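Here is what each chain is made of, one letter per residue.
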Amino acid sequence: MQPQTTLTAVAGSVARAPFGPLPEALFSFDEVAVVNKAKTVLDMGRMKGQGEKIAVLTAYDYPLARLLDLAGIDMVLVGDSVGPVVAGYDNTLPVTMDEMVYHTRAVVRGCAQALVVADLPFLSYQVDLAEARRNAGRLIKEGGAQAVKLEGGENVAATIRAIVAMDVPVVGHIGLTPQSIHRMGGYKVQGKQETQARQLLADARAVEAAGAFAIVLEGIPAALAAEITAALTIPTIGIGAGVHCDGQVLVLHDILGLCEKYSPKFVKRYADAAALISGAAADYIREVKAGTFPGEEHSF
Ligand code: KIV
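So, here is what we can say about the structure in this document. Since we're looking at a predicted model, the values are computed, not measured. (Residues numbered from 1 in each chain as written. Predicted model: local features only at pLDDT ≥ 70, side-chain atom pairs only at ≥ 80, totals over all residues.)

Attention shifts here to the sheet that holds strand E4 (residues 147-149). Taking strand neighbours around the barrel as the criterion, the eight strands line up as E1-E2-E3-E4-E5-E6-E7-E8 in a closed arrangement whose pairing is parallel. Geometrically, the sheet is characterised by an average inter-axis angle of 25 degrees between neighbouring strands, direction not taken into account. Alignment of strand E1 (residues 54-58) against strand E2 (residues 75-78), held across three bridges, turns out to be parallel. The residue bridging Thr 58 from the neighbouring strand is Leu 77, located in E2. (Pairing = 2+ DSSP bridges. Helix = DSSP H or I, 4+ residues; strand = E, 2+ residues; numbered from the N terminus. Axes fitted to C-alpha atoms, helices over the stretch in contact; angles between N-to-C directions.)

Structure follows, in structure tokens:
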């Protein structure tokens, strides 16, 4: 995947931004063509069909979403991992709809070409279908996302169907589902026993039959993920589910080395941003204390 040009990013951002005037140039044929380069849910299905892997990362704010978008990421997930990763919560359960809408808005402003999917947080879709539909709609209408994700298999099939019926695309999520942390007794690999594995296959089929356009497989054996991937026509996006999924997702702060609390086996660290940021802060503190910042060039 080639990184998109700055022109694409700027034009696309403006086209998606719900705020501010649209530039006149947007109405020229060329600019519309540029805007239309943004990825859609249809592209994800096409990629599976063509054997092209789907690269997904989480983001929670404008500047980092913009960098991922310019790097050519296919899908950006505004995960409810925002709770532990950004807000410092112990798990994802306290995250609210208002928090998800706020972060989704920021991410959408940064994405010109990537598909933006936003998580439905705990208690926003489990109580009844009307509430699930309203909250899914909020992530699209107020957040600007193009799709929503929710956790569960057969138990949420009716919910997925209800949301899809109002033309909101849905990503499913099965296996190690963080919103079920208390049932699972912690973040444990799921589907190791045969009965659990059969249930997860049934869950995956139920999610597909309900109309989801993709499904996240989290924390399950690689062989089971391969079996589910072969059984479904929709793309599987793995996290801790081996290499045979149609795509992969990781939490951005994990690959950047910004999450020091814990580092699961499935994470690969691609940078040491913690050292970079600590070093920059230490340099700044030293220069302020020494009176060497600000210099002449920073003064009026
Ligand atoms: O909330 C999240 O970030 C997620 C992904 C890790 C799949 O659900």
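After that view of the structure, there is still more to cover.
This next bit is on the packing of helix H10 (residues 194-209) against helix H11 (residues 222-231). Contact geometry for H10 and H11: axes closest at 10 Å, N-to-C directions at 30 degrees. In terms of axis orientation, H10 runs roughly parallel to H11. With respect to the hand of their crossing, H10 and H11 are arranged in right-handed fashion. Residue-level inspection shows Ala 197, Leu 200, Leu 201, Ala 204 and Arg 205 of H10 in contact with H11, the latter providing Leu 224, Glu 227, Ile 228 and Ala 231. A per-class count over the contact of H10 with H11 returns seven nonpolar, no polar and two charged. (Parallel < 35°, antiparallel > 145°, perpendicular 65-115°, else oblique. Left-handed = near helix turned anticlockwise from the far one by under 90°. Contact = placed C-beta atoms within 7 Å. Nonpolar A, V, L, I, M, F, W, Y, C, P; charged D, E, K, R; others polar.)

Let us now look at the pairing of strand E5 (residues 170-175). Along any regular strand the residues' side chains alternate between the sheet's two faces. A large share of E5 lies buried, amounting to six of its six residues. As judged from the two bridges shared by E4 and E5, these two strands associate in the parallel manner. Each residue of the ladder has a partner; that of Lys 149, found in E5, is Val 171. On the question of chirality, the crossover connecting E4 to the parallel E5 by way of helix H8 (residues 157-164) is right-handed. Sheet topology note: the E5/strand E6 (residues 214-218) ladder contains five bridges and is parallel. Counterpart to Gly 175 in the pairing with E6 is Glu 218. (Buried ≥ 20, exposed ≤ 12 C-beta atoms within 10 Å, placed from the backbone. Right-handed = clockwise from strand over helix to strand, strands pointing away.)

Running from N to C, helix H7 (residues 129-141) and H8 point in directions that differ by 50 degrees, and their axes come no closer than 9 Å. The orientation of H7 relative to H8 falls into the category oblique. When you trace H7 past H8, the crossing you get is right-handed. Each of Leu 129, Ala 132, Arg 133 and Ala 136 in H7 lies in contact with H8, whose residues at this interface are Ala 158, Thr 159, Ala 162 and Ile 163.

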